[in-house]
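Chain residues, written in single-letter form:
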Amino acid sequence: MQSRLRVQGHPIQPMLVTFPLGLFVSATVFDLSDVIGGPAFLGEVGYWTGVAALFAAAMTAVAGMVDLWDVPVDRTRRTAVAFNLVNAAMAGLFLVTCLVRAQSPQRGATVAILLTELVALVAGGVGVRLGARLMRQFDTGRAETASLDALAGSTVEVARPRP
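What you see as residue numbers is a count from 1 along each chain, following the sequence as written. Local features in a predicted model are, by the rule used here, given only for residues with pLDDT of at least 70; side-chain atom pairs are given and counted only at 80 or more, and totals for whole chains, interfaces and linings are based on all residues. Excluding hydrogens and water, the side-chain figures rest on all heavy atoms present in the structure.

Asks: Could you clarify how one ought to interpret the packing of helix H1 (residues 12–35) against helix H3 (residues 75–102) in this entry?
Replies: The relative placement of two packed helices is expressed as an angle between their axes plus a distance between the axes. Between H1 and H3, whose axes approach to 12 Å, the crossing angle comes to 35°. Crossing of H1 against H3: the hand is left-handed. Within the contact between the two elements, H1 uses Gln13, Val17, Leu21, Phe24, Thr28 and Asp31 and H3 uses Phe83, Asn84, Met90, Ala91, Phe94 and Arg101. Note on residue categories: nonpolar means Ala, Val, Leu, Ile, Met, Phe, Trp, Tyr, Cys or Pro, charged means Asp, Glu, Lys or Arg, and polar means any other residue, Gly included. Per-class residue counts for the contact of H1 with H3 are seven nonpolar, three polar and two charged. The angle between two axes is taken between their N-to-C directions and runs from 0 to 180 degrees, where each axis is a line fitted to C-alpha atoms and a helix contributes only its stretch in contact. Helix numbering and strand numbering both begin at the N terminus, where a helix is a DSSP run of H or I of at least 4 residues and a strand a DSSP run of E of at least 2. Each crossing is labelled by how the near helix is turned from the far one, with a counterclockwise turn of less than a right angle marking it left-handed and a clockwise turn marking it right-handed. Only heavy atoms enter the contact rule, under which two residues are in contact if any of them lie within 4.5 Å.

Structure below.
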């Protein structure tokens, strides 16, 4: 089975997952720096990095839902649903921290916020493991480009996957 959204034969959603995950990790690092006594602006940078990660997570979730539409009801679908739920839980925890911080005038991090973000990153680690399993199960027939000449045509595909 193939993903419905592809670029050069490769599924888009696994590529998009790296953006929110990387931004969530970066936000946590900025918040850790703020909590352990770094400059105060690091807390605000962590907040805005978390907001950017939430937007990236929303786009990734949309791509994941499009792909989930055509997954047959079997072990692969269960893995895909678990993957999306775990990632939604991670994003939900970060959303809570961003909403709490939005009420603060300086949007700095606290120990409680940092601990919530660390729990969210543990959930993200579970999501990475599920995503790796999903990639092994989901897209076995992806197209490989043999040369740069193959890049001359259309690069973005939105197609009905083959059964």
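Asks: What exactly am I supposed to notice about the packing of aromatic side chains here?
Replies: Two measures describe an aromatic ring pair: the distance that separates the ring centres and the angle between the ring planes. Aromatic rings from Phe, Tyr and Trp, with only the six-membered ring used for Trp, were paired whenever their centres fell within 6.5 Å, and each pair was classed as stacked if the ring planes differed by under 30 degrees, edge-to-face if by over 60, and tilted otherwise. Taken as a whole, this structure holds two aromatic pairs when the rule is applied. Summarising the aromatic geometry, the rings of Phe24 and Phe94 are spaced 4.2 Å apart at their centres and angled 20° between planes, so their arrangement reads as stacked. Taken together, the residues Phe24 in helix H1 and Phe94 in helix H3 connect sequence positions 70 residues apart. For every residue, the accessible area (1.4 Å probe, protein chains only) is compared with the maximum for its type, and the residue is labelled buried under 20%, exposed over 50%, or partly exposed between those bounds. Accessibility expressed as a relative area gives 0% for Phe24, which makes it buried.

Asks: Looking at this model, I keep getting lost on a positive patch on the surface. Mind explaining?
Replies: Residues Arg75, Arg78, Arg129, Arg133 and Arg136 make up a contiguous surface patch of positive charge. Elements represented by at least two residues in the positive patch include exactly H3 and helix H4 (111–138). No other element matches H4, which puts three residues into the positive patch. Its relative accessible area of 33% is what places Arg133 among the partly exposed residues. Exposure above 30% relative accessible area and the lack of any salt bridge qualify a residue for a patch; like charges then connect within 9 Å, and the nonpolar side chains Val, Leu, Ile, Met, Phe, Trp and Tyr within 5 Å. Using the Shrake-Rupley algorithm and a 1.4 Å probe, accessible areas are obtained, with residue cover drawn only from the displayed protein chains. Definition used for salt bridges: Asp or Glu carboxyl oxygen within 4 Å of a side-chain nitrogen of Lys or Arg. We treat Lys and Arg as the positive residues and Asp and Glu as the negative residues; His and chain ends play no part in the count. Each charge is placed at NZ for Lys, CZ for Arg, CG for Asp and CD for Glu.

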